[in-house]
Amino acid sequence: MGYDEVQALKLSLKVALWAVAIGLPLALAVATLLARCDFPGKIIIDALLHMPLVVPPVVTGYLLLLWLGRNGVIGAWLDDTFGIVFAFRWTGAVIAAAVMSFPLMVRPIRLAIEAIDPRLEEAARTLGASPLSIYATITVPLALPGLIVAAILGFAKSLGEFGATITFVGNIPDETRTLANAIYTFMQTVDGDAAAMRLVLVAIAISFAALIAVELLARRAQARTHGL
Amino acid sequence: MNIEVDVGKRLGGFDLQARFTGHDGITALFGPSGSGKTSIINMIAGLLRPDSGRIVVGERVLFDAAGGIDVPARGRRVGYVFQDARLFPHLSVHQNLAYGWRRTPETERFIGFDLVVDLLALAPLLERRPGKLSGGEKQRVALGRALLASPRVLLMDEPLASLDLERKVEILPYIERLRDQFRLPIIYVSHAIEEVVRLAGTLVLLSKGRVAATGSVEELMGRLDLSPIAGRHETGAVVAARVGRQLEDHALTELEFDGGTLLVPRVDLPAGHSLRVQIRARDVAVATRRPEAISMRNILAGRIEAINLRGPDAVGTGAHAELRIMIGRTALIARITRQTIDELSLSPGMEVYALIKSIAMDRQSLGLPAGPHEFAE
């Protein structure tokens, strides 16, 4: 693989890892809220959350640019106050990937939390545990299979994110040219077919490995939460 | 320490009103399913909020509707052994046991980790996970986990109900040990009379959300009016007795009670050891003269105190009636046909003989009462 291809792969891995690192704790919080709390407007939150899955990614990217771009409402403020800029930076690619993969991360965690027997938490209460302590020692560990699935699905989705990324942060070599962007670029380039094909194979291999890993890890975690 | 419970709660169309006091030792909440037993202990534990009333353990008010006191479950220091154990599946046995123990301030702990492990024979299980335990082992761990939180009162919700007979027999001695070694009120929910007879000192009979009667096990089980509540197959007086002579040649043991002697299949306990025997009403026959040349070994002279012609059926259209027969100061209940009563002209005050087959008093109907004792299993 050439220098450009390796750079694109490394950048994609970095972006995907950060997207999961930032998205997973948030997904856990939102999943807990949706699984355990009833509040007015829950259905609206639920629908909004799934929007990135159903609207064209270019729409998500466009909205991100609109809000988080240098002239966007939030983006301008961040730039003025903290000097933080997301547009056309790799950090912006992280934001795009995190937003796009967020619903995929919330879903399995939510299902895992909903599957926890609330009577176990009752037992913990009678043993003197506070709500926070119960969450940390019972709820989250028992939701571990869901967290693992969420992390790997989020990682795989982030790795392949294209539409929102290219709309929000463009396709700048060494900064925002992720795997998917690079494949797109090579396809537009004369003699780029071989490089594109190599990256396509890499993308397929990583995605496939991720899905196998999800299955294996989830099985192990499942056995653990069943007390085996 | 005492526990005073006086609670009211509406649950859908079901109205629960219960008031009783539990002392050190085991207080059994006994009644058919749907009588409100589990709801009551959930209210004691703080898992269900009563609409009205008070719950006091020792000097400490856990709940007082009028005073606006409602201590949250985690601050009640109530040990709860659930029917389904509810061990934390992702934690080892050791971690399960330590869960409440770690959260108990050192000054509040009255029991050591190693003591509980010894008492319940948990050492070989410590590194295992709950999924690899048998039903009986799970309940032992659940007992240990509740105990290690140094509770002021222990609640047990049918802890043996999900176990087969063999496992029940395995767990019972451990519950007896808890009862005898700690000055701790234990509220024990059950619908199995043999567990109550074996374990409990005080009995709270529940029926349709009301306390039908409270008192000692012997007193309540000897009452005719409570037999429909206790269940028709369970009816039978409970007699407090003491181990007397061993008749080694015939593998029999004499049990002395206030009023006479019972002959039962051998009981491997030392002379003088006290225990309870339940004599089921359907196993007692009645004769107006002392029978001779008869296989029944227990022929007890007594006097009919009361006759309930309605028998075990609340409506009273069945074939059977029940008699309360006093043997000295001990009451027996006999269930016989109404026809017999007419033919023998049985009436209160009459001198009769109660006949009981020795074999009717099997291991299951023999209970061991509260008080320190050795095990001869």
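Residues numbered from 1 in each chain as written. Chains lettered and ligands numbered in written order. Predicted model: local features only at pLDDT ≥ 70, side-chain atom pairs only at ≥ 80, totals over all residues.

A word on the overall build of chain A. Regarding its fold elements, chain A presents 11 helices and zero strands. Traced from its N-terminal end to its C-terminal end, chain A shows the element sequence α-α-α-α-α-α-α-α-α-α-α. Viewed in the frame of its principal axes, chain A has a C-alpha envelope of about 70 × 40 × 30 Å. Going through the 228 residues of chain A one by one, you find that 42% of them count as buried. Partitioning the intrachain contacts of chain A with sequence separation of at least 6 by distance along the chain shows that 75% fall at a separation of at least 24. (Helix = DSSP H or I, 4+ residues; strand = E, 2+ residues; numbered from the N terminus. Buried ≥ 20, exposed ≤ 12 C-beta atoms within 10 Å, placed from the backbone. Contact = placed C-beta atoms within 7 Å.)

Once that is clear, we can look at the overall build of chain B. Each helix and strand counted, chain B has nine helices and 21 strands in total. On C-alpha atoms alone, chain B measures out to a radius of gyration of 22 Å, which is about the 21 Å that the 2.2 N^0.38 rule sets for 377 residues. Its C-alpha atoms give chain B principal-axis dimensions of about 65 × 50 × 35 Å. Counting the 377 residues in chain B, one finds 44% classified as buried. (Rg over C-alpha atoms; globule rule 2.2 N^0.38 Å.)

What is expected of a backbone is that most residues other than glycine have negative phi and most peptide bonds are trans. Residue and element names in this part refer to chain B. Positive phi values are uncommon outside glycine, yet Ser150 reaches one of about 45 degrees. Turning to its location among the elements, Ser150 is positioned in the loop between α4 (135-148) and β8 (153-157). Take Ser150: there are 21 C-beta atoms within 10 Å of it, and that puts it in the buried class. Of note, Ser345 is a non-glycine position whose phi angle comes to about 50 degrees, a positive value. Considering the arrangement of structural elements, one finds Ser345 in the loop between α9 (338-343) and β20 (351-356).

Time to look at the packing of helix α1 (residues 3-36) of chain A against helix α8 (residues 144-160) of chain A. Residue and element names in this part refer to chain A. Running from amino to carboxyl end, α1 crosses α8 at an angle of 140 degrees, the nearest separation of the two axes being 8 Å. Classified by the interaxial angle, the pair formed by α1 and α8 is oblique. Of the two possible hands of crossing, α1 and α8 adopt the one that is right-handed. Judged by residue contacts, Ser12, Val15, Ala16, Ala19, Val20, Gly23, Leu24, Ala27 and Leu28 of α1 engage Leu147, Ala150, Ala151, Gly154, Phe155, Ser158 and Leu159 from α8. (Axes fitted to C-alpha atoms, helices over the stretch in contact; angles between N-to-C directions. Parallel < 35°, antiparallel > 145°, perpendicular 65-115°, else oblique. Left-handed = near helix turned anticlockwise from the far one by under 90°.)

Residue and element names in this part refer to chain B. Spatial strand order, β16-β20-β17-β18-β19: five strands in an open sheet with antiparallel pairing. Edge positions in the sheet fall to β16 (284-287) and β19 (330-337), since each of these pairs with one other strand and no more. When the angles between neighbouring strand axes are averaged without regard to direction, this sheet yields 45 degrees. Sheet analysis places strand β17 (residues 298-308) next to β20, joined by six bridges and oriented antiparallel. Opposite Arg303, over in β20, you have Glu351 as the bridge partner. (Pairing = 2+ DSSP bridges.)

Sheet topology note: the β16(B)/β20(B) ladder contains four bridges and is antiparallel. When the bridges of β20(B) are listed, Ala285(B) appears paired with Leu355(B).

For chain B, the domain assignment lists domain 1 (3-216) and domain 2 (236-367). Between the C-alpha centres of domain 1 of chain B and domain 2 of chain B the distance comes to 34 Å. (Domains from an automatic or database assignment.)

Our next topic: the interface of chain A and chain B. With 18 residues of chain A at the interface, the matching set in chain B holds 21 residues. Elements supplying a minimum of two residues to the side of chain A that touches chain B: α6 (118-126), α7 (131-142) and α11 (193-225) of chain A. When residues of the side of chain A that touches chain B are assigned to their parent elements, the largest contribution, six residues, is made by α6(A).

In summary, the side chains of a regular strand alternate between the two faces of the sheet. Residue and element names in this part refer to chain B. Here six bridges tie strand β1 (residues 3-11) to strand β4 (residues 52-57), and the two strands are oriented antiparallel to one another. Residue pairing in the sheet places Val5 in a bridge with Ile55 of β4. The pairing of β1 with strand β2 (residues 14-22) spans nine bridges and is classified as antiparallel. By the bridge assignment for β2, Val5 is matched with Phe20. Between the antiparallel neighbours β1 and β2 lie two residues, among them Gly12 with a positive phi of about 60 degrees.

With that out of the way, let us pick up helix α4 (residues 73-82) of chain A. Among the 10 residues that make up α4(A), one are buried, leaving the element largely open to the surroundings. Phi turns positive one or two residues past the end of α4(A), at Gly83(A), with a value near 70 degrees.

As a further point, take the nonpolar core. With 163 residues, the main nonpolar core has Ile109(A), Leu155(B) and Ala354(B) as its most contacted residues. At 15 residues, the largest contribution of residues to this core is made by helix α5 (residues 90-114) of chain A. Mapping this core onto the domain boundaries places at least three of its residues in each of domain 1 (3-216) and domain 2 (236-367) of chain B. Once residues lying within four places of it in the same chain are set aside, the contact partners of Ile109(A) are Ala27(A), Leu28(A), Ala31(A), Ala143(A), Gly146(A), Leu147(A) and Ala150(A). (Core = buried A, V, L, I, M, F, W, Y, C linked by C-beta atoms within 7 Å.)

Right, let's talk about helix α2 (residues 93-102) of chain B for a bit. Along α2(B), the positions that sit buried rather than exposed are Val93(B), Asn96(B), Leu97(B), Tyr99(B), Gly100(B) and Trp101(B). Residues of α2(B) that are buried in the fold lie against α3 (113-119) and α4 of chain B.

Below, the discussion takes up the confidence of the model for chain B. Residues and elements named next belong to chain B. Summary statistics for chain B give a mean pLDDT of 88 and a share of 93% for residues scoring 70 or more. Within chain B, the lowest mean pLDDT, 64, falls on strand β21 (residues 366-367), and the highest, 96, falls on strand β5 (residues 60-64). Predicted confidence for residues 369-377 stays below pLDDT 50, and this span has 18 contacts to residues more than four positions away or in other chains. If you check the scores for this complex, the pTM reads 0.82 and the ipTM reads 0.83. (pLDDT = per-residue confidence, 0-100.)

Turning our attention to the environment of Phe14(B). Mapped onto the fold, Phe14(B) is located in strand β2. Along the backbone, Phe14(B) and Lys208(B) are 194 residues apart, and their C-alpha atoms lie at a distance of 8.2 Å.

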